[in-house]
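So you can see what is in the structure, the chains are spelled out below.
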Amino acid sequence: MALGVRQVSRWCCLLKTARAAEFPRRRRSSSITAQACHEFVSLALRPSRNDIFLWRLQACRHVSVGSCSPPDSAKDGSFSSESNLPSPVEQEQAKAKPLPDLNAKILYEDWDDVPPSSALEEISEEAAVQIIAEPLLPLQSSTLRDYVDHSETLAKLVHLGVDLSQVEKRQKAGQLLLTLDFEKDIKKILLFLKDVGVEDNQLGTFLTKNPYILAEDLEALETRVAYLKSKKFGKAEIAQMVSRAPYLLLFSVERLDNRLGFFKNELGFSVKKTKDLVIRLPRLLTGKLEPVKENLQVCQIELGFQRNEIQEIVFKTPKILTASSNKLKQTFDYLHNIMGIPHHMLTRFPQVFNSRLLRIKERHMFLTFLGRAQYDPAQPSYISLDQLVSLPDEVFCTEIAKASIQDFEKFLKTL
């Protein structure tokens, strides 16, 4: 209502301005003027469209732009029917001399509440070309690449060196990253990992292998590190274990304690030897225990090693616990049954089980061809198993086989 009164006031001012411009032509009846003003005010107080208002305003202008006050006769209480009716001559003058046009744009500029542009309003082709529409975020995608430009979190992880193509292959890892906020969820985990000892240049590789740590509770992670410290693991040792086994800190304290107890009891190691074992191969604490149990049984039952020999083999070469049991049996069969290496010699050099069987065969056959395949330490020209498998081809040929690398390559072509 207040807006309508204010608009009426401004419209009346505009009418007065027009009246001043047309003062010499005011020869119309006062009663008709009052009637027109009354109609104009009632119309303004009623909410209407702009075109209706302009039509009414034109009607008022054609009638009169005189004073909106009643005529003198009305003030005296006498209303004459003759005075209220304009003469035919005056009507023709009013039609012949209309008021100056009040442009709608001028009225709109004076209004406080300019009507907003419609969504259906037509625009020019030039304006349409200049509109830049942001690409829509895909509702579903099989790759995180489609979200990198829309997600600050993913962009910063890429900057850290995280390989999103590898992360998205892990179950629900991609969905996890899309729900995390870098400042709120990820930053605190990165600071924690740096405090544990993970190097800055290793953070990207670490998170690529284990993105799930970003959803872990910080207090739970700190509790697991505190447990390792309570077991006398040093800060550098913990940093090495976490870096080499990224899933280590996902294990609860109870599970870590059970794993340490398993290797201590199953292998009969002391606390110190158990610690040393898991420091050198920390994935023993995070991997499955079934392959470990299977390989221990293979070594004892099928390969015929004694318990103390198994302890020595495992302590020197922890990887034997996670190796393929078939590969383990094939390597032992060739070393023991073809080359004639006894159990105690294999116990002294268990690293031979980590070598490729093809390399062992090629070098042994070449030494046999040269008549230098001697693996008994009590005999002259003795060749240890370590020398057999660890030396590069050139050194092996010149120092062990006493031949040239060309001779070795020619021999391999005959196999």
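Everything quoted here is computed from the prediction, not taken from an experiment.

Asker: Describe the side chain of Thr317, with residues and values.
Answerer: Here Thr317 shows up in the loop between α18 (307-316) and α19 (325-338). Setting aside residues no more than four positions away along its own chain, Thr317 makes contact with Pro350, Gln351 and Asn354.

Asker: Tell me what's going on with the environment of Val352, and back it up with residues and numbers.
Answerer: Positionally, Val352 belongs in the loop between α20 (343-348) and α21 (357-370). Through-space distance from the C-alpha of Val352 to that of Thr331 is 8.5 Å; in sequence the pair is 21 residues apart. Look past the residues within four positions of Val352 in its chain and what remains in contact with it is Thr331, Leu335, Leu346, Ile360 and Val389.

Asker: Account for helix α23 (residues 393-401), naming residues and giving values.
Answerer: For α23, the complete set of buried residues consists of Phe396, Cys397, Ile400 and Ala401. Buried residues in α23, looked at end-on, bunch into an arc of 115°, giving them a common side. Opposite its buried face, α23 presents the exposed residues Glu394 and Glu399, each directed more than 90 degrees away. A positive backbone phi angle near 55° is found at Lys402, which sits one or two residues after α23.

Asker: Can you explain the confidence of the model for the protein chain? Please cite residues and give values.
Answerer: With 68% of its residues at a pLDDT of at least 70, the protein chain reaches an overall mean of 78. Scored below 50 in pLDDT, residues 1-5 makes four contacts in the model with residues more than four places away or belonging to other chains. Across residues 104-112, where pLDDT falls below 50, the model places 15 contacts with residues more than four positions away in sequence or in other chains.

Asker: Would you mind going over the pattern of salt bridges in detail, with residue names and values included?
Answerer: On inspection of all chains with the given rule, the structure shows ten salt bridges. In this structure, the salt-bridge partner of Asp200 is Lys194, at a minimum N-O distance of 3.4 Å. Accessibility expressed as a relative area gives 41% for Lys194, which makes it partly exposed. One salt bridge in this structure joins Lys316 and Glu312, with 3.0 Å as the shortest N-O distance. With Lys316 and Glu312 both in helix α18 and four residues apart, this pair spans about one turn of that helix. Residue class for Glu312 comes out partly exposed when judged on its relative accessible area of 34%. Overlapping salt bridges bring together Glu152, Lys156, Glu183 and Lys187 as one network.

Asker: Before we move on, could you go through the nonpolar core and cite the residues and values that matter?
Answerer: Ranked by internal contacts, the top residues of the largest apolar core, which has 46 residues, are Phe263, Phe305, Val314, Leu321 and Leu346. Every residue in contact with Phe305, bar those within four places of it in the chain, is listed here: Cys299, Gln300, Ile310, Ile313, Phe332, His343, Leu346, Thr347 and Phe353. With 41 residues, the next largest nonpolar core counts Leu144, Leu190, Ala245 and Ile279 among its residues.

Asker: If you had to explain unusual backbone geometry to someone new, which residues and values would you point to?
Answerer: Despite not being glycine, Ser381 has its phi angle at roughly 60°, a positive value. Phi is positive for Lys402, close to 55°, though the residue is something other than glycine. Tracing the backbone shows Lys402 in the loop between α23 and α24 (405-413). Since its relative accessible area comes to 56%, Lys402 is described here as exposed.

Asker: For the packing of aromatic side chains, give the residues involved together with the corresponding values.
Answerer: For any pair of aromatic rings, the description consists of the separation of the ring centres together with the inter-plane angle of the planes. Following the criterion strictly, the structure yields seven aromatic pairs and no others. Seen from their ring centres, Phe305 and Phe332 are 5.7 Å apart, and the 65° between their planes marks the pair as edge-to-face. Placement of the pair is Phe305 in the loop between α17 (290-302) and α18 and Phe332 in helix α19, with a sequence separation of 27 residues. The burial state of Phe305 is the same as that of Phe332; both residues are buried. Centre to centre, the rings of Phe366 and Phe411 are 5.4 Å apart; their planes meet at 50°, and the pair counts as tilted. Taken together, the residues span a long stretch of sequence, with Phe366 in helix α21 and Phe411 in helix α24 at a distance of 45 residues. This pair shows no difference in class: Phe366 is buried, exactly as Phe411 is. By the ring-pair criterion, three or more aromatic residues cluster together here, those being Phe366, Phe369, Phe396, Phe408 and Phe411.

Criteria and cut-off values
- Residues numbered from 1 in each chain as written.
- Predicted model: local features only at pLDDT ≥ 70, side-chain atom pairs only at ≥ 80, totals over all residues.
- Heavy atoms only, no water.
- Helix = DSSP H or I, 4+ residues; strand = E, 2+ residues; numbered from the N terminus.
- Contact = heavy atoms within 4.5 Å.
- Buried < 20%, exposed > 50% of the residue type's maximum accessible area, 1.4 Å probe, protein only.
- Arc of directions from axis to C-beta.
- pLDDT = per-residue confidence, 0-100.
- Salt bridge = Lys/Arg side-chain N within 4 Å of Asp/Glu carboxyl O.
- Core = buried A, V, L, I, M, F, W, Y, C linked by side-chain atoms within 4.5 Å.
- Phe/Tyr/Trp six-rings, centres within 6.5 Å; stacked < 30°, edge-to-face > 60°.

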